[in-house]
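Spelled out, the chains give:
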Amino acid sequence: MLAACALPCFLLAQDYPRYPSAGSTYVPLDSWIYPALDRLAALGYVQTQFSGIRPWTRLECARLIDEAGERLQEEDAQPTEAIRLYRALEKELAAQLEALGGRPSRELDLESIYTRLTSIAGAPLTDGYHFGQTIVNDHGRPYSEGANVVAGFSARGVAGPFALYVRGEYQHAPSSPALSERVRNVIATADLNPVLPAMSFSSINQFRLLDTYVGVNLKNLQLTFGKQSLWWGPGRGGPLLFSNNAEPIYMLRLSRVMPFKLPGVFGWLGPVRTEFFLGRLSGHRFPARPFIHGQKFTFKPTPNLEFGFSRTAVFAGAGRPFTPHTFVRSLVSVGSDPTGNLPGRDPGDRRGGFDFSYRVPGLRKWLVLYNDSLVDDDPSPLAAPRRAAMNPGIYIPQIPGLPKLDFRAEAAYTDVPSGRSIGGQFIYWNVVYRDGYTNKGNLLGHWVGREGRGLQLWSTYWFSPQSTVQVGYRHAAVNHDFIPGGGTLNNIAARVDLMVRRDLSISSSIQYERWSFPVLSPSYKSNAAASLELTFRPQLRSN
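Just so it is clear, the model here is predicted, and its values are computed rather than measured.

Caption draft 1: Region of interest: helix 7 (residues 324–332). Residues Thr326, Phe327, Ser330 and Leu331 constitute the buried set of helix 7. One face of helix 7 carries all of its buried residues, which in axial projection span an arc of 135°.

Here it is, written out as structure tokens:
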């Protein structure tokens, strides 16, 4: 039903506020820009950002920095932390700030060259769709016990309304043994699929494009095509509906990249952002090569409240042709063929989402509350809260007396309180699309997986906007009704990001994990992972 509202919104939209329509590439989801802008927003200096719909274009980030600068000038006493964040972002987005002022947009930039080595000692978890993941929200990069390597580059170009972005990398992961017969039987039973033959996993040496696309901006409505990542939720641990836990998918995407305002009485909804995409998934066998589309509408009626509605549908694929009828039915239908036996009537594997974030009155610069929710085969989690997965969280941008220290906590569950055993065959699974809500085997949504519960804690000390130290804890548990004997994982991690000089940064992390899945091993297992990443920003830029 969200899609039925998209066209009127695009046609009636008024820019909010008015800025020149120019092409602009999206900021990668793993950029330092997002946590820096999140902190500025939580401190109250950015009030029209949309945390529940990312990525943002560089031009949109510049608009937010411009807004922060105006608010900082209005204050007599300017807080040091906010000023540091503002100046670093202003420097990073200088070219886009000039474009906001009317300068013709024309740029070609080799953005980064990077390499990362991750060494894992001990058996990691690599199947988040059934058990768990040792490494999450990493663009679906492969990993295994031993030395894992990525080496790549990113580049971007802009000319008037046109934009181009390329990010490619070499990936290496060691080989790993085949799954046991018991494990393969458990997976087949949980997914209602045939038992697959035993096959060892050979070492991986491959070149992969990550976010790589071309786009054009027409009056702040940007159309892009290529491999793209999405992050549809306000949290840091991962949205329930769409995250970068899996490899980016090929999609055609239509996004209102800057906020607009609805006309007439609907103006009370405040700034609005919308997004629509149509893409195709890989790695599925039952059936192969299905399509996926999604829509999201996010509203900001006050500077302190944001809420959004979202929806995705997996449809078509081998034996289930993509036709105008099946496409429209997947967009607007609220009914279904309960057996999925009639391809022409099946509206697909549909999911609805609702999220919000709120800066608490009296604690505007100290506390942000948020929640992300998802439901299968219902229009919205608001209509069926007991059937909905939830992911609530809190963000404290500065600890009293320690202004450089922040804290964040999130809890997530897909083991919904519906009062009945589901056996893993509800959230992220479908009776027709039995490879589930995945791309190349990795979950498109939250790492907590099917019938799972999770907790994540972080605390970050900000030496500067680009130099931080972070410690974190992550816990996950899988229901025994889904996986016989259930399972748990616990890990603690520390990460250091240092900007050594303007064109060179170093990131290092360590993590210790202990897990128990009786199906995989009769005893507890543990692993330790250490990572070192070097990123060079050569600033080879042509204007």
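Caption draft 2: Seen up close, the packing of helix 3 (residues 58–74) against helix 4 (residues 80–92). Following both chains from N to C, one finds helix 3 and helix 4 inclined at 140°, their axes separated by 10 Å at the closest point. Of the two possible hands of crossing, helix 3 and helix 4 adopt the one that is left-handed. Taken together, the residues of helix 4 that come into contact with helix 3 (itself represented by Arg58, Ile65, Ala68, Gly69 and Leu72) are Ala82, Ile83, Tyr86, Leu89, Glu90 and Glu92. Here the residues of the contact of helix 3 with helix 4 sort into 7 nonpolar, 1 polar and 3 charged.

Caption draft 3: Inspection of helix 4 at higher detail. Across its 13 residues, helix 4 extends 19 Å between first and last C-alpha, which sits within 8% of the 18 Å expected from 1.5 Å per residue. All buried positions along helix 4 are accounted for by Glu81, Ala82, Ile83, Leu85, Tyr86, Ala88 and Leu89. Looking at the packing, one finds that the buried side of helix 4 touches helix 2 (33–42), helix 3 and strand 21 (452–464).

Caption draft 4: Main features of the pattern of salt bridges. Applying the stated rule across the entire model yields 26 salt bridges. Among the ionic pairs, arginine 495 bridges to aspartate 497, the shortest N-O distance being 3.1 Å. Taking relative accessible area as the criterion, arginine 495 reaches 34% and is therefore assigned partly exposed. Take aspartate 497: its relative accessible area is 18%, and that puts it in the buried class. A single salt-bridge network, built from bridges that share partners, covers Glu107, Asp109, Glu111 and Arg156.

Caption draft 5: Local environment of the packing of aromatic side chains. If you walk through the whole model with that rule in mind, you get 18 aromatic pairs. With a centroid separation of 6.0 Å and 35° between ring planes, the pair formed by phenylalanine 291 and phenylalanine 315 is classed as tilted. Of this pair, phenylalanine 291 sits in strand 13 (residues 291–302) while phenylalanine 315 is found in strand 14 (residues 305–315), placing the two residues 24 residues apart along the sequence. Given the relative accessible area of 16%, phenylalanine 291 is considered buried.

Caption draft 6: Structural view of unusual backbone geometry. With an omega of 10°, the peptide bond running from arginine 54 to proline 55 counts as cis. Here proline 55 shows up in the loop between helix 2 and helix 3. Look at the link from phenylalanine 286 to proline 287: it is a cis peptide, with omega at -5°. Following the sequence through the fold, proline 287 ends up in the loop between strand 12 (271–280) and strand 13. Despite not being glycine, alanine 316 shows a phi value in the positive range, around 60°. Within the secondary structure, alanine 316 is located in the loop between strand 14 and helix 7. Here alanine 316 falls in the buried class, since its relative accessible area comes to 5%.

Caption draft 7: Just the packing of helix 2 against helix 3, in detail. One way to put it is that helix 2 packs onto helix 3 with a least axis distance of 11 Å and a crossing angle of 30°. One way to sum up the angle between helix 2 and helix 3 is to call them roughly parallel. Considering how the two elements wind past one another, helix 2 and helix 3 form a crossing that is left-handed. Packed against helix 2, whose contacting residues are Ile33, Leu37 and Leu40, the element helix 3 presents Cys61, Leu64, Ile65 and Ala68 at the interface. Here the contact of helix 2 with helix 3 is built from residues that sort into 7 nonpolar, no polar and no charged.

Caption draft 8: Seen up close, the pairing of strand 22 (residues 467–478). Of the pairings in the sheet, the one linking strand 21 to strand 22 comprises 12 bridges and is antiparallel in character. By the bridge assignment, serine 464 is partnered in strand 22 with serine 467. The hairpin formed by strand 21 and strand 22 contains 2 residues between the paired strands. Bridge analysis of strand 22 against strand 23 (residues 487–501) gives 11 bridges, and the strand direction is antiparallel. Paired with histidine 475 across the strands is asparagine 490, a residue of strand 23.

Basis of the calculations
- Residues numbered from 1 in each chain as written.
- Predicted model: local features only at pLDDT ≥ 70, side-chain atom pairs only at ≥ 80, totals over all residues.
- Heavy atoms only, no water.
- Buried < 20%, exposed > 50% of the residue type's maximum accessible area, 1.4 Å probe, protein only.
- Helix = DSSP H or I, 4+ residues; strand = E, 2+ residues; numbered from the N terminus.
- Arc of directions from axis to C-beta.
- Axes fitted to C-alpha atoms, helices over the stretch in contact; angles between N-to-C directions.
- Left-handed = near helix turned anticlockwise from the far one by under 90°.
- Contact = heavy atoms within 4.5 Å.
- Nonpolar A, V, L, I, M, F, W, Y, C, P; charged D, E, K, R; others polar.
- Expected span 1.5 Å × (residues − 1).
- Salt bridge = Lys/Arg side-chain N within 4 Å of Asp/Glu carboxyl O.
- Phe/Tyr/Trp six-rings, centres within 6.5 Å; stacked < 30°, edge-to-face > 60°.
- Parallel < 35°, antiparallel > 145°, perpendicular 65-115°, else oblique.
- Pairing = 2+ DSSP bridges.

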